[in-house]
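# Structural characterization, general
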Amino acid sequence: MFAHHGASAYDRGATVTLKATITEFKYANPHVQIFFDAKDDKGTVQHWNCETINPAMLSKQGWSKSTLKAGDQVTIIGHPSRTGSQIMLLEKLVLANGKELAGILLD
Amino acid sequence: MRNRFFLSIAAIPALVAFSSVAFAQGSRDLSGVWIGKRGGNAVVDTALRPPMTPWAQARFDAAVPTVGPRVIAGKENDPILRCNPDGIPKLLGVPQPFEIIQIPNRMLMFFEHNRHWRTIWMDGRKLPEDPDPAWMGYSVGKWEGNTLVVESSGFNDIPWLDFYGDPHSDAMRLTERYRRVDRETLEITVTIDDPKAYTKTWVNKPKLYNLKRDWEIAEHYCVIDEETAYGDAIRVPAGQPGNTPR
């Protein structure tokens, strides 16, 4: 459940998987924000903004302020904006060590 | 001896089942950290919504929610986007937990969402005759069997009832029924009497909440600077083509 703010802007039927290089990690309200670079199919580096739920809830599922830092190489799986802007809603993050972290509220 | 041993093993599931039912039937203890099943959902059912008055319809038409079929990305105007407090019953439906603490003559509810809290007076007092408007209203509770019945009035008319823009007025009388179905499950049923907004009483289906024994309520505030930064970086551009700031 993602009841707040702008989840309808995302195409929940579409999933993109990107090899990301983190540029900034904002472990803040109202929603945690992950900024990263990723190459498109032509090899050009594109910038993305990504959001997930709030720190209070992510902290109950294994996240912390130290989960990411600039320069980290991770895999980001999420739902893109319907408008084609490079903004996405996080579904799941896979760290370099293989650890998976959900970006949605687990039941 | 051996037979007796196996008999007692076999009896364990039945005993567990019996104790769970006995617990539910005998429990006036609602204390603990609770979250709506599947992460929460509105405690009002829009499918059961009675016809609105013209006053409420005008408010509903002006509301642009952040979720559901009436979203206009970038134009959302839920009062929470300006860090207005959410009221009751909307707080019961946010995807974050609340903690119930029972003390003599009072029940306290601490909502993780934006660190809101409310008192439910259990000392037998009546609702005030002509209350001043408040975000959380004024609430009194009493036990009917093992169901806690909470009556509230004295709300202001600013928060929505849910995330979809359904309004309420300052005349709203809210009834919440709390019942512990078993050790791990709480049921809340909400009824809305608001003649200024709805032409009939709005009776909703019961909603279920899970007990989270290993959770604690975390800090969570609405901070307007953080809302603005998030809106600029994510919420607004997500609804606009070809816009990725930074």
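The structure under discussion appears in the preceding block.
Reading the values: rules and limits
- Residues numbered from 1 in each chain as written.
- Chains lettered and ligands numbered in written order.
- Predicted model: local features only at pLDDT ≥ 70, side-chain atom pairs only at ≥ 80, totals over all residues.
- Heavy atoms only, no water.
- Contact = heavy atoms within 4.5 Å.
- Buried area = accessible area lost by both parts, 1.4 Å probe.
- Salt bridge = Lys/Arg side-chain N within 4 Å of Asp/Glu carboxyl O.
- Polar contact = N/O pair within 3.5 Å; in protein donor to acceptor, adjacent residues only side chain to side chain.
- Helix = DSSP H or I, 4+ residues; strand = E, 2+ residues; numbered from the N terminus.
- Buried < 20%, exposed > 50% of the residue type's maximum accessible area, 1.4 Å probe, protein only.
- Core = buried A, V, L, I, M, F, W, Y, C linked by side-chain atoms within 4.5 Å.

The partner chain A presents 34 residues to the 43 residues of chain B that form the contact. Here chain B and chain A share an interface that buries about 3,000 Å² over both sides, 58% of which is from carbon and sulfur atoms. Contact with chain A buries surface across chain B, with Tyr230(B), Ile234(B) and Arg246(B) losing the most and accounting together for 22% of the total. Linking chain B with chain A are one salt bridge, by the criterion used here. Residues Lys60(A) and Glu112(B) are paired through a salt bridge, measuring 2.5 Å at the closest nitrogen-oxygen approach. Our count for the contact surface shared by chain B and chain A stands at 12 residue pairs in polar contact (both at pLDDT 80 or more). Looking at the side of chain B that touches chain A element by element, the count peaks at nine residues for helix H3 (residues 224-238) of chain B.

Further remarks concern the side chain of Asn84(B). By secondary structure assignment, the location of Asn84(B) is in the loop between helix H2 (54-62) and strand S2 (98-103). By relative accessible area, Asn84(B) is classed as buried at 19%.

Next up on the list: the nonpolar core. Ranked by internal contacts, the top residues of the largest apolar core, which has 33 residues, are Leu92(B), Phe98(B), Met109(B), Tyr178(B) and Leu186(B). At the level of elements, H2, S2, strand S3 (106-111), strand S6 (147-153), strand S7 (173-182), strand S8 (185-193) and strand S10 (207-211) of chain B are the ones that each hand at least two residues to this core. Here the element with the most residues in this core is S8(B); it accounts for four residues. Of all hydrophobic cores here, the second largest spans 26 residues; its members include Ala38(A), Leu101(A), Leu105(A) and Val33(B).

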